[in-house]
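# A look at the structure
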Amino acid sequence: MALRICLEFSGGAELLFNKTKKHEVTLPVCEKDWTIGSLLPWMRETMLKERPELFMQGNTVRPGILVLINDSDWELMGELDYSIKENDRIIFISTLHGG
Amino acid sequence: MPVTKFHPYHGQNIRLLHDNMVAYRETSFAHALTFSEKALKPGEIFLVEIEKNELGWSGHMRIGLTQFDPSCKFELPQYALPDLQNMGKSWIFAVTKSHNKVVYSDAGDSDSVDREIHQSVLGDAEVIHTPQGSFSRSLLLPLRKLLSNNYETSVSTSSSDSALPTDIGSRIGIMYRVVGDTAEMRFIINGEDQGPCARNIPHQGGPLYAVVDVYGTTKQVRIIQLYCEGESDGPLQKEKVSPGRKCMKCRTENAILIIRVNDAFCKACFMVYVTHKFRATIGKSKLVRDGEKVLVAYSGGPSSSCLLHLITEGLSERAHKKLRFKPGIIFIDESAVLDNLIEDGGTAKDRIAELMVDVGYPCQTRRLEEAICLDQGGHLSEADLSSLTESYQASVCTSDPASPDDNLNKARVEIKALFSSIKSLTAREDMLNKLRQRLLMEVAHVQGYSKVMTGHCGTRLAVNLLSNISQGRGAHVAMDTAFSDTRYSDVMFVRPIRDFSSKEVAMYNSLHGVESVFLPTLTTKTHEGSSIEHLTEAFVTGLQTDYPSTVSNIMRTGEKLSTEKRDGENSNCALCQGPLDTDVGASSALNAVEFSSLISKKKNGRVDGCGDSATCCGEGDGSCHTQSEGLKKDEVMSVLCYGCRMTTKDMADPTALPEKLFRQISYRIRRSKMKEDIQDFLLDPENS
Ligand SMILES: [Zn+2]
Ligand SMILES: [Zn+2]
């Protein structure tokens, strides 16, 4: 089943995503569970408008970008291994000076 | 003092982690003896913190002293109590839930220890001195106790008062002191000396090692470094956190974030922690007085929004121990040098103005170009400033570039010229920082604010510290990163959230719904290496991700640096007001740079192309503009610190520097020239 989730960007991270802070997205059906680890490459392919290196580094987010899953620090949720659920709200906050 | 560690020889169920500073019992409840790596010296406190408990066992950690040397790899018994104790030469006690002052082991020596009122070995002072070194009393306390001591709120008190010595976070120390020919052993539980708990220890019979049995419920303990600052939370690598962790403070709520090295907090406890940290930073310094006028620099960004929110909360009636200073808010519109980056036509700036007005304190918007025309007798005098008085309404100094104010428009052109004459992004960023700082200082000075608060968080300051060093501003790093910056004569800059990481700031804003407005900077969307500052930021945040104590370690290093303050008007840099660091020996890097520019200048002719400095219009007092235009680049350089010289070197035209600065420069040069000229006529006190 396809998953509907909400992605939010702030602190300048929104500049890379069409300058839009809030995106309602539907993740396509996938054999395996959607995790943050599979969400990030998907975002890079389908959503990132420019300069992917300013958002991602390797297979994870660039240092200085804070990830919150339903208002909790992703470090407490298993980071890349967290499996995404329907209606999850995932926020990417750039803590870098100037975004 | 080297780092205190566990001895590599230990019970079979123990695994040592973190460079042998953490002992973890992998299984069962037995075979978990550990020792200090080195024998303790008299008076030395060996302190551990309980990091993990495992329910289902009875009994807790045991701790004590032994004269068995772990290096001899003697056959380890299952337990410290009673086995090791029964082997002799060992004095061991069990840590219990209801720890009373003197706990006796069944097998202890039969000398009675009287329950006399003992003198605490710790004394009453904030700093505890032992023969091995001094440390802050707070190191002996568990974090939750520290929080509740200083900040009594509904959230913190109930749970922490009932905290037990066997709980997670509890800190338990062991030490001995010499009394006559023998020694007595003392327990220190969460900052309290429990009194002598074994006497007549023949310490001369052999070295005494600390012994910790990670027994029963106690699952993991960490050695707290008392004598080796910086190592206690040294460059520890980030640990993988198991999902579903509980808050380390209240231990009931689920944690929602990890801060510092590996501390998990729930929402309520994090809020208490942040507010407390802010209040403690302000309170501890005792610098901000009741009723004092404080100018709060607001950029719309996350850190200054967080600062503003903390101030508003602290000043509100509902705050516990209300803050009592009088804030005014200032936003500096930097569009003059950033306008090509701003694409939204000013909606972000309008939003900032709205947010500022909503807070309900006096507020104002200033334009960066005012930094180059703020000048007594210059374009924008004190009288002009007061006509633009701060107000509670949105009728703040307009940020409309089509302002009828000719002087400001002229300044806007000048400042654009100034920035376009600076070649590198590094120097442009540096110039922007210095001009912003000057403008804040001038506004505060003219409007009678004695303090300026800026929202620099620790992460930002750590980046500044390293990039300042890379830009030759090493002499100023201490004042650039400290809580208070006193380089300006009558205005002090304070940084109340310097102990916050950018993650804490982001989390605070997110949880409180604090709105921040994103405005691009000079380095927005540029590549990592576009400027020294930008590159340093990538470096520090990259390290911070894997080593969460990076920022605090950089900051601590910064605190150890200091510069002597020299007096006299000529000892401060004309641009940044930092102490001049250019009075140095012949072989310094500065001289090397000067020398190479001298060589290259011979090839290219004079850089500035200006004539003699004696082109004054004839007013005689040297205050006219033509005088300053006659300044040579070298002369400008001579009144700048090393870092500002580097920035100025990058400019094609140093005469584009702010006019007020120019007046200072020409004044100083005249003074020193005059001194030279009249030198021969001065009476030498020696010969008269
Ligand atoms: Zn809690
Ligand atoms: Zn300087």
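Residues numbered from 1 in each chain as written. Chains lettered and ligands numbered in written order. Predicted model: local features only at pLDDT ≥ 70, side-chain atom pairs only at ≥ 80, totals over all residues. Heavy atoms only, no water.

Which entries qualify depends on this criterion: UniProt positions are given in the numbering used here, feature names are shortened, and annotations may be inferred rather than shown by experiment.
Looking at an unreviewed UniProt entry, one finds chain B named Cytoplasmic tRNA 2-thiolation protein 2 and attributed to Mizuhopecten yessoensis. The Sequence similarities (unreviewed entry) field of the UniProt record for chain B holds the comment "Belongs to the CTU2/NCS2 family." Reading the Subcellular location (unreviewed entry) entry of the UniProt record for chain B gives the comment "Cytoplasm".

Looking up chain A in an unreviewed UniProt entry gives the name Ubiquitin-related modifier 1 homolog, with the organism given as Mizuhopecten yessoensis. Entered under Sequence similarities (unreviewed entry) in the UniProt record, the comment concerning chain A runs "Belongs to the URM1 family." Under the heading Pathway (unreviewed entry), UniProt records this for chain A: "tRNA modification; 5-methoxycarbonylmethyl-2-thiouridine-tRNA biosynthesis."

## Structural notes on the pattern of salt bridges
Residue and element names in this part refer to chain B. Rule in force here: Put simply, a salt bridge is a Lys or Arg side-chain nitrogen that is within 4 Å of an Asp or Glu carboxyl oxygen. Each helix is a run of H or I in the DSSP string that is no shorter than four residues. Each strand is a run of E no shorter than two, and both are numbered from the N terminus.
Inspection of the entire model under this criterion finds 37 salt bridges over all chains. Glu292 serves as the salt-bridge partner of Lys451, at 2.7 Å between the closest nitrogen and oxygen. With a gap of 159 residues between them, Lys451 in strand β19 (residues 451-453) and Glu292 in the loop between α4 (267-285) and β16 (293-297) connect regions that are remote in the sequence. Look at the salt bridges and you will find they share partners, linking Arg177, Glu184, Arg186, Asp193 and Arg199 into a network.

## Details of the coordination of the zinc ion (ligand 1)
All names here are of chain B. Under the convention used in this document: The donor set comprises N, O and S atoms within 2.8 Å of the metal, extended to 3.2 Å for Na, K and Ca; water molecules are omitted, so apparent gaps in a site may simply reflect that omission. For a four-donor site, all angles between 85 and 135 degrees give tetrahedral; for four or six donors, opposite pairs above 155 degrees with the remaining angles between 65 and 115 give square planar or octahedral; all remaining cases count as irregular. Buried means the residue's accessible area, taken with a 1.4 Å probe over protein chains only, is under 20% of the maximum for its type, while exposed means over 50%, and partly exposed covers the values in between.
Those donors, Cys247 (SG), Cys250 (SG), Cys266 (SG) and Cys269 (SG), are the protein atoms that reach the zinc ion (ligand 1), and they lie 2.3 Å from it. In this structure, the zinc ion (ligand 1) is surrounded by four donor atoms whose angles at the metal cover 100 to 115°, and the resulting shape is tetrahedral. All donors to the zinc ion (ligand 1) come from one chain, and their sequence spacing reads C-x2-C-x15-C-x2-C. Placement of Cys247 in the loop between β13 (218-224) and β14 (257-259) and of Cys266 in the loop between β15 (263-265) and α4 is noted, with a sequence separation of 19 residues between them. Taken individually, Cys247 and Cys266 each receive the classification buried, so the pair is uniform in this respect.

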